[in-house]
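Residues per chain are reported as follows:
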Amino acid sequence: MIIRTRLAAGVCALLAALTAGLAFPAGAAAGEPTGQDAPKVDLVLDVSGSMRARDIDGQSRMAAAKQAFNEVLDATPEEVELGIRTLGADYPGDDRKTGCKDTAQLYPVGPLDRTEAKTAVATLTPTGWTPIGPALLKAAGDLDGGAGSKRIVLISDGEDTCAPLDPCELAREIAAKGIGLTIDTLGLVPTAKLSRQLSCIAEATGGTYTSVEHQDELTDRVNQLVDRAADPVVTPVATQGADRCAAAPTLKSGLYTDREEFGQQRFYRMDVRPGQELRASVSVAADRAVNPGYGVLMRAVTSKGREIVRGEAAGNGRTDVISTGLRYPKAESDDEDAPAEAVCLAVSHSFSAASGVKATPGLPLELTVDVVDAPSQAGDVAAFGLGRGWWLLGVLILTGFLAGLVWGWLSRWRVAVWRTN
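Model, not experiment: these values are computed from the prediction. (Residues numbered from 1 in each chain as written. Predicted model: local features only at pLDDT ≥ 70, side-chain atom pairs only at ≥ 80, totals over all residues. Heavy atoms only, no water.)

Asker: Can you walk me through the overall build of the protein chain in this structure?
Answerer: When you go through the protein chain residue by residue, the secondary structure sums to 10 helices and 17 strands. Every one of the 421 residues in the protein chain was classed for burial, and the buried ones make up 44%. Roughly 21,300 Å² of accessible area belongs to the protein chain as shown, and the carbon and sulfur atoms make up 54% of that amount. (Helix = DSSP H or I, 4+ residues; strand = E, 2+ residues; numbered from the N terminus. Buried < 20%, exposed > 50% of the residue type's maximum accessible area, 1.4 Å probe, protein only. Areas by Shrake-Rupley, 256 points an atom, 1.4 Å probe, with all protein chains shown as cover.)

Here you go:
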């Protein structure tokens, strides 16, 4: 297992700060923002009878959802077109065929009138079935058209009651249409079965699943997802790493996606000229059940296999995404015609599949790479991850040495006084 170190943490933090404002050249960048249309979000809320349960901060699940929705509506960015769809809100009977058609658009996707949307939410009463599959199909239709980002946020407290229409398979079909729609799911006080179903739905479209047991958690998470829809859409470029440096694809600055099987190592190549700095980060996601205890390792190596620098991180099963990164500044050269150095990025992870879980396809990874002008004192910045902190380390060492001398002198003086007395 790969062990996290202070050095890796420092590199990751520095990389995150540096890449936050990363701007790729228009002509050479991969993964450019796309779509000028308004982002669209459809909030799909379970209003089935089980939402009457009073187990969220002393109130019913329905009351917690209403309060969360009101706060989300207040905080929704102006540029986001938002709608609300319900499932199980209207039919209280026992006829399964009718109950599995019980989904309706409570508020249409479009420019948000906060007062009107809140009024509509206030009318909701827990009623019927849980037709998740039919609701997702209708929600996908609500978001049809336009090139902006599209996101469904599904909130449910129970698994689908309308099988054999499997909502997970339905989500895969939606993803296969290539319409760029993401489904995020939230489970209210979920059971293990509900968590598996909602996780599968989210994973099928590249979304996220979140377990919620408190009203403020629900509010915060839905707000995050709505805000995320307003962010510029960046489409990663699909690439395929090689099993050795010599065969690695040469990448330009940008965002890339690939898959890496268990126990596999993938290589990607970047050309770095004297006076430039390579910055790279990688995230590996566990899109299926994996054993606890895992890590990810990224190394920058020369074409001959010599390691230059590395970044590593470890996890213990409490998160399904793990990331690390590195920086490599190449010193200036007196030769203006000095050739670029081929640097290979070797990515590996120590995830292992849980019992009965398919090992293929590999786990999804996302790779961000950039080559920029290096700092004026590149060697100092990259030195053991300390950068210009060497002077602080020296001060701490000197302070400790002097403190030790003073303490030793005082101790001897006190002993001498005690003996005299």
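Asker: How do you make sense of the packing of aromatic side chains when you look at a structure like this?
Answerer: The way to describe two aromatic rings as a pair is by their centre distance and the angle between their planes. Counting across every chain of the model gives 1 aromatic pair. Where tyrosine 294 meets phenylalanine 351, the ring centres are 4.3 Å apart and the plane angle is 20 degrees; that geometry is what we call stacked. Of this pair, tyrosine 294 sits in strand S13 (residues 294-302) while phenylalanine 351 sits in the loop between strand S16 (341-349) and strand S17 (363-373); the two residues are 57 residues apart in sequence, bridging distant segments of the chain. (Phe/Tyr/Trp six-rings, centres within 6.5 Å; stacked < 30°, edge-to-face > 60°.)

Asker: Sorry if this is basic, but what is going on with the side chain of lysine 150 here?
Answerer: Locating lysine 150 in the fold gives a position in strand S5 (residues 150-156). Nearest to the buried, unbridged lysine 150 among oppositely charged side chains is aspartate 144, at 6.5 Å. Setting aside residues up to four positions removed in sequence, lysine 150 forms contacts with Lys40, Leu143, Gly145, Ile179, Gly180, Leu181 and Thr182. (Lys, Arg positive; Asp, Glu negative; His and termini not counted. Salt bridge = Lys/Arg side-chain N within 4 Å of Asp/Glu carboxyl O. Contact = heavy atoms within 4.5 Å.)

Asker: Explain the sheet that holds S5 to me, please; I cannot follow it from the model alone.
Answerer: Two orientations exist for strands paired in a sheet by backbone hydrogen bonds: parallel and antiparallel. With mixed pairing, the 6 strands of this open sheet are ordered in space as S4-S3-S2-S5-S6-S7. One side of each edge strand has no neighbouring strand; the edge strands of this open sheet are strand S4 (103-110) and strand S7 (209-212). Neighbour-to-neighbour, the strand axes of this sheet turn through a mean angle of 15 degrees, independent of strand direction. Bridge analysis of S5 against strand S6 (residues 181-188) gives 7 bridges, and the strand direction is parallel. Within S6, the residue paired with isoleucine 152 across the bridge is isoleucine 183. (Pairing = 2+ DSSP bridges. Axes fitted to C-alpha atoms, helices over the stretch in contact; angles between N-to-C directions.)

Asker: For this particular structure, what's the right way to read the environment of glutamine 224?
Answerer: Structurally, glutamine 224 can be placed in helix H8 (residues 215-230). Sequence spacing of glutamine 224 and threonine 76 is 148 residues, and the spatial spacing of their C-alpha atoms is 9.9 Å.

Asker: I'm lost on the nonpolar core in this one. Help?
Answerer: For soluble globular proteins, the rule of thumb is that nonpolar side chains tend to be buried together. Leu43, Leu45, Ile155, Leu186, Leu218, Val222 and Val226 are the most contacted members of the largest nonpolar core, which totals 31 residues. If you list the elements that add at least two residues to this core, you get strand S2 (40-46), helix H2 (61-75), strand S3 (81-87), helix H4 (114-122), S5, S6 and H8. Every residue in contact with leucine 186, bar those within four places of it in the chain, is listed here: Val153, Leu154, Ile155, Ser156, Leu198, Tyr209, Thr210, Val212, Leu218, Arg221, Val222 and Leu225. In terms of nonpolar packing, the next biggest core, distinct from the first, is built from 26 residues, Ala280, Tyr294, Val343 and Phe351 among them. (Core = buried A, V, L, I, M, F, W, Y, C linked by side-chain atoms within 4.5 Å.)

Asker: I'm lost on the state of the cysteines in this one. Help?
Answerer: Defined simply, a disulfide is a covalent bond joining two cysteines at their sulfur atoms. Scanning the entire structure with this criterion turns up 3 disulfides. Each disulfide pairs two cysteine sulfurs, and for cysteine 100 the partner residue is cysteine 162, the sulfurs being separated by 2.0 Å. Across the disulfide from cysteine 100 to cysteine 162, rotation about the S-S bond amounts to roughly -100 degrees, and the bridge is consequently left-handed. Of this pair, cysteine 100 sits in the loop between helix H3 (96-99) and S4 while cysteine 162 sits in the loop between S5 and helix H6 (167-176), placing them 62 residues apart in sequence. On the accessibility criterion, cysteine 100 (13% relative accessible area) is buried. Between the sulfur atoms of cysteine 168 and its disulfide mate cysteine 200 the distance is 1.6 Å. Handedness here is read from the sign of the S-S torsion; for cysteine 168 and cysteine 200, about -45 degrees, the answer is left-handed. Of the two residues, cysteine 168 sits in helix H6 while cysteine 200 sits in helix H7 (residues 192-204), which places them 32 residues apart along the sequence. (Disulfide = S-S within 2.5 Å.)

Asker: Sorry if this is basic, but what is going on with the packing of H2 against H4 here?
Answerer: The geometry of a pair of packed helices is captured by two quantities: the angle between their axes and the separation between those axes. Packing of H2 against H4 leaves a shortest axis separation of 10 Å and a crossing angle of 170 degrees. It follows from the interaxial angle that H2 and H4 lie roughly antiparallel. Across the interface between the two elements, Lys66, Phe69, Asn70, Leu73, Asp74 and Ala75 of H2 pack against Arg114, Ala117, Lys118, Val121 and Ala122 of H4. Each residue belonging to the contact of H2 with H4 can be placed in one class, and the counts come to 6 nonpolar, 1 polar and 4 charged. (Parallel < 35°, antiparallel > 145°, perpendicular 65-115°, else oblique. Nonpolar A, V, L, I, M, F, W, Y, C, P; charged D, E, K, R; others polar.)

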